[in-house]
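Listed below, chain by chain, are the residues.
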Amino acid sequence: MAVIDIRNLEVGFDTPEGKVQAVNGINLSVDRGECIGIVGESGSGKSQTFMAAMGLLARNGTARGEILFQGEQILGLGSRALNRIRGNAMSMIFQDPMTALTPHLRIGDQLTEVLTTHKGLGKRAAAARAVAMLEQVRIPEPARRMRQYPHELSGGMRQRVMIAMALLCEPELLIADEPTTALDVTVQAQVLSLMRDLKDRLNTALVLITHDLGVVAGLADRVMVMYAGLVVEEGPVETIFTDPRHPYTQGLLNSMPRIDRAGEERLTAIPGQPPNLQRLPSGCAFRPRCAYAFERCEQERPELEDIAPGRRKACHRERLEAVS
Amino acid sequence: MGSYALRRLIGVVPTLLVIITVAFFMIRVAPGGPFDIERTLPPEIEANIKAAYDLDKPLVVQYIKYLGGVLTGDFGPSYKYKDFTVAELIGAGFPVSLKLGASAMLIALVLGVTLGTVAALRQNSALDYAVMTVAMTGIALPNFVIAPLLALVFGIYLSLLPVAGWSDGGMADMVLPVTAMALPYIAYIARLTRGSMIEVLRSNFIRTARAKGLPEHRVVTKHALRAALLPVVSFLGPATAGIITGSVVIEQIFQVPGIGRYFVQGALNRDYTLVMGVVIFYATLIMVLNLVVDLLYAVLDPRVRYK
Amino acid sequence: MTNGTQAPDMAPPVRGRSLWQDALRRLSHNRAAVAAVVVLALVVLLAVVGPWIAPHAYDELYFDHVAIGPDLDAGFLFGTDTVGRDLFVRTLMGARISILVALAATSVSLLIGILYGAIAGFVGGRVDNLMMRFVDIMYALPFMFFVIILMVVFGRNIVLMFLALGAVEWLTMARIVRGQTLTLKNREFVEAAVASGVTRPRIILRHIIPNLLGPVAVYITLTIPQVILVESFLSFLGLGVQEPLTSLGVLISEGADEMETAPWMLIFPATVLATMLFCFNFIGDGVRDALDPKDR
């Protein structure tokens, strides 16, 4: 059974300018020990999908569809029921470690409260577990860190604390939303290798949300590419990189420097702007930016279809070869 | 932390010196002394009185003498209440003023923070609008309007409470003055708390706390409240000064024998030593309380603690 | 290239105007603020022209109508006070004085505050440090007590009251202006002016002060009610406006003394004062939200 199984999820926000549809009916599931990378530009709905799962949508947000966590529908649960799962069997790491920790509470306090809440541990036992977890995420002098406040730690250090916090209860599912975006490049590499180790050791299902294909390449087993609240392509990580089938995926890859193709071709950006979610174009949402678009793309929205075992795409073009 | 407190305490000294100096010279250059206004006295008696109050010495000597007195808690004799020193009058009035002011402050804090938090948690609900409307009223109505209206309604029309007076300083005597003093500050603190609580509840660390699966009441009390209280704590300094100033008029209206009442009587009778004594006493009090507030801020926010 | 060098110089005025239009549009959508403006305008109009067109003079004594309640037949809309003066015209007169004092004191505080703050912010360095240190010290003073001493020492004089109130209210203004000046100082258009050899006083006058209008507008709407409040407070204690002139504070004080026998003497002036303060508060909130929408 999948750890998490999302079916036909739609997420919308009521704004003064009208309703904004952030997620337009997506399906995905993640198995134990698997790492799935969710890739897309900002506004593609990749974060909001999992905010809905965590019950953390903004006040003006509504979600419809099904989110099954270990077979149980958790979408629409009240915060009291969700709190059995959040931080316990399912936890999440956020993008900005600088502001994600409560400034007036000691690191130790913020870590141990997870254990006292979910596992009913006493203060002392919880502190011992927290120190052990800080050690696992390679924080030096963990006992001293426990007594410090967030502002006394560097950004990379704080993100490790966030990771430790998320892993304290040995969750079935860990959702990492742009975990390295706010960090220096060298620190990024350290945090990523740490996450790879932990995933292998704990056999946790991992969802990695990012706009950076490079992050996905080193960590994910499977990749889903999202555009305008829809999944446009999905497949094992190697095939996505070597043989992209959707024009958007191809565009993302072409805009990324790669060692294996050094000198072969120039980097090209995807033309145009990310779509306005209030006024999506008819047919395929990517059409206005697509070099391969033809009439049908304007009339009919492409469905996500199987193209090979484990591979799916949502595009009317059979193959991507240069037109014009 | 300790050295920070000490440095701040030392910083208070020059400010106090400025206050004493300004107050002293302002009063000494005043046209007309306290004894000219009644009837003209025979010159030798006037000279005697002036000598008794040191008014015949050069200004600088008077100043230094006064400064020395202030340092030892001696503000000189009252011009008006001739049998008392200013220090004695302050000593008699302060317990009463303190009782009123501290009660008002405490009530304002507890009610203001509670109402503001509740309004923020139920943002845009009927309850929120109700609290904010009442708060607007409390802010727009000055205490010298609220006070007589309260006395009119509860004292005269409903006859529930004494209109004024301070027979023994019991509960019944306290209710109206304390209410009149506290209302504007309840209102202000409620608005302040609501605003900052709404801001804090949107912040990233609250999202983290919720993602951890903490119960909502823990998220609010442990993670949000302390951060949301920071602007309220900053407001405590001005609020203290405001409550002290307000006590002047409240004590006058309800005929409470506190420092404020002496002050107004002193001002109306040109009792300069009394007026100056009260100003210096209250200025010191306000500055010490400001210092306490700053230290409290440092306790609540570890980021400023080590700077 | 030409465009590039012109843009910084051109940008501020254009942005400034659209900012004001935006703010005005937002303000006109704020129903509470619009209602407050209308009510306040009515009160001010009445206060200004009322005493001239009212049937009674504010200091005329009617010995056969002493302390009567509101009586339309006798022409006393708000009743009369304990010596038989028409309370309606006295209340309007009081409102007029209160508004006058507020406007005068606010202007004084604006003048001092803007000049002080702009100089401190613009000159910077040690001068700035010293000037702001002085403001900090002044802030720590219980200024109300000082105003009271001033009134006691120099007599209860209305012009002095303008000056005293203005002289204590400028501190906040100076802080705001200094902060704004500091941020503006480093913006391109001021740098461009400096680079092209414009003199300092000219820069302060032509470039910095116009850009301060937003915060100043907010400040004015908050200071006027503040001054009205302080003036009433002083008058209430008997330290402000003196007979035969009157102000809302004086009237409320007299009303409070007579509230057992003549409650209208308290209720009418108190209502007028509260209405004015309410309106100013709503307008102040509205102006702040309109100029800084993210603040909501």
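Residues numbered from 1 in each chain as written. Chains lettered and ligands numbered in written order. Predicted model: local features only at pLDDT ≥ 70, side-chain atom pairs only at ≥ 80, totals over all residues. Heavy atoms only, no water.

J.: I would appreciate a short explanation of the overall build of chain C in the present structure.
T.: Secondary structure assignment for chain C yields 11 helices and zero strands. For chain C, buried positions account for 49% of its 296 residues. Considering only contacts in chain C between residues 6 or more positions apart, those separated by 24 or more positions represent 70%. Accessible surface, chain C as shown: approximately 14100 Å² in total, 66% of it carbon and sulfur. (Helix = DSSP H or I, 4+ residues; strand = E, 2+ residues; numbered from the N terminus. Buried < 20%, exposed > 50% of the residue type's maximum accessible area, 1.4 Å probe, protein only. Contact = heavy atoms within 4.5 Å. Areas by Shrake-Rupley, 256 points an atom, 1.4 Å probe, with all protein chains shown as cover.)

J.: What should I look at first to understand the interface of chain A and chain B in this one?
T.: Frequently, the measure chosen for interface size is the accessible area that the parts lose on association. Counting residues at the interface gives 26 residues for chain A, matched by 22 residues for chain B. On the chain A side of the interface with chain B, the three residues burying the most area are Pro103(A), His104(A) and Glu113(A), jointly 26% of the side's total. There are four salt bridges connecting chain A and chain B. Of all the secondary-structure elements, those providing two or more residues to the side of chain A that touches chain B are α1 (46-54), α3 (107-118) and α6 (155-167) of chain A. Here the side of chain A that touches chain B gets six residues from one element, more than from any other, and that element is α3(A). Taken together, the residues of the side of chain A that touches chain B sort by class into 12 nonpolar, nine polar and five charged. (Buried area = accessible area lost by both parts, 1.4 Å probe. Salt bridge = Lys/Arg side-chain N within 4 Å of Asp/Glu carboxyl O. Nonpolar A, V, L, I, M, F, W, Y, C, P; charged D, E, K, R; others polar.)

J.: Whenever I open this one, the nonpolar core confuses me. Can you help?
T.: Soluble, globular proteins show a tendency: their nonpolar side chains are buried together. Within the largest apolar cluster, 136 residues are counted, with the highest numbers of intra-cluster contacts made by Phe144(B), Phe254(B), Ile148(C), Leu237(C) and Met276(C). Looking at this core element by element, the count peaks at 15 residues for helix α11 (residues 264-291) of chain C. Of all hydrophobic cores here, the second largest spans 104 residues; its members include Ile26(A), Ile93(A), Leu168(A) and Ala285(A). (Core = buried A, V, L, I, M, F, W, Y, C linked by side-chain atoms within 4.5 Å.)

J.: What is the right way to look at the pattern of salt bridges in this model?
T.: As a working rule, side chains carrying opposite charge can pair if their charged atoms are close by. Enumeration according to the criterion identifies 25 salt bridges over all chains in this entry. Between Glu113(A) and Arg218(B) there is a salt bridge, with the nearest N and O atoms lying 3.9 Å from each other. Highlighted residues: Glu113(A) in helix α3 and Arg218(B) in helix α9 (residues 216-253), drawn from two different chains. When the shortest N-O distance is used, the salt bridge between Glu234(A) and Arg312(A) registers 2.9 Å. Of the two residues, Glu234(A) is situated in strand β10 (residues 230-236) and Arg312(A) in strand β12 (residues 311-313); the sequence distance between them amounts to 78 residues. Bridged by salt links that share partners, the residues Asp109(A), Glu113(A), Lys212(B), Arg218(B) and Lys222(B) form one connected network.

J.: Please clarify how the sheet that holds strand β9 (residues 222-227) of chain A should be interpreted in this entry.
T.: Think of a sheet as strands paired side by side through backbone hydrogen bonds, with each pair either parallel or antiparallel. Residue and element names in this part refer to chain A. Taken in spatial order, the eight strands make up an open sheet running β6-β7-β8-β3-β9-β10-β12-β11, and their pairing is mixed. The open sheet has two free edges, formed respectively by β6 (90-93) and β11 (305-308), since each of these has just one partner strand. Each adjacent strand pair in this sheet contributes to an overall mean axis angle of 20°, direction not counted. Two elements, β10 and β12, share two bridges in a ladder whose sense is antiparallel. (Pairing = 2+ DSSP bridges. Axes fitted to C-alpha atoms, helices over the stretch in contact; angles between N-to-C directions.)

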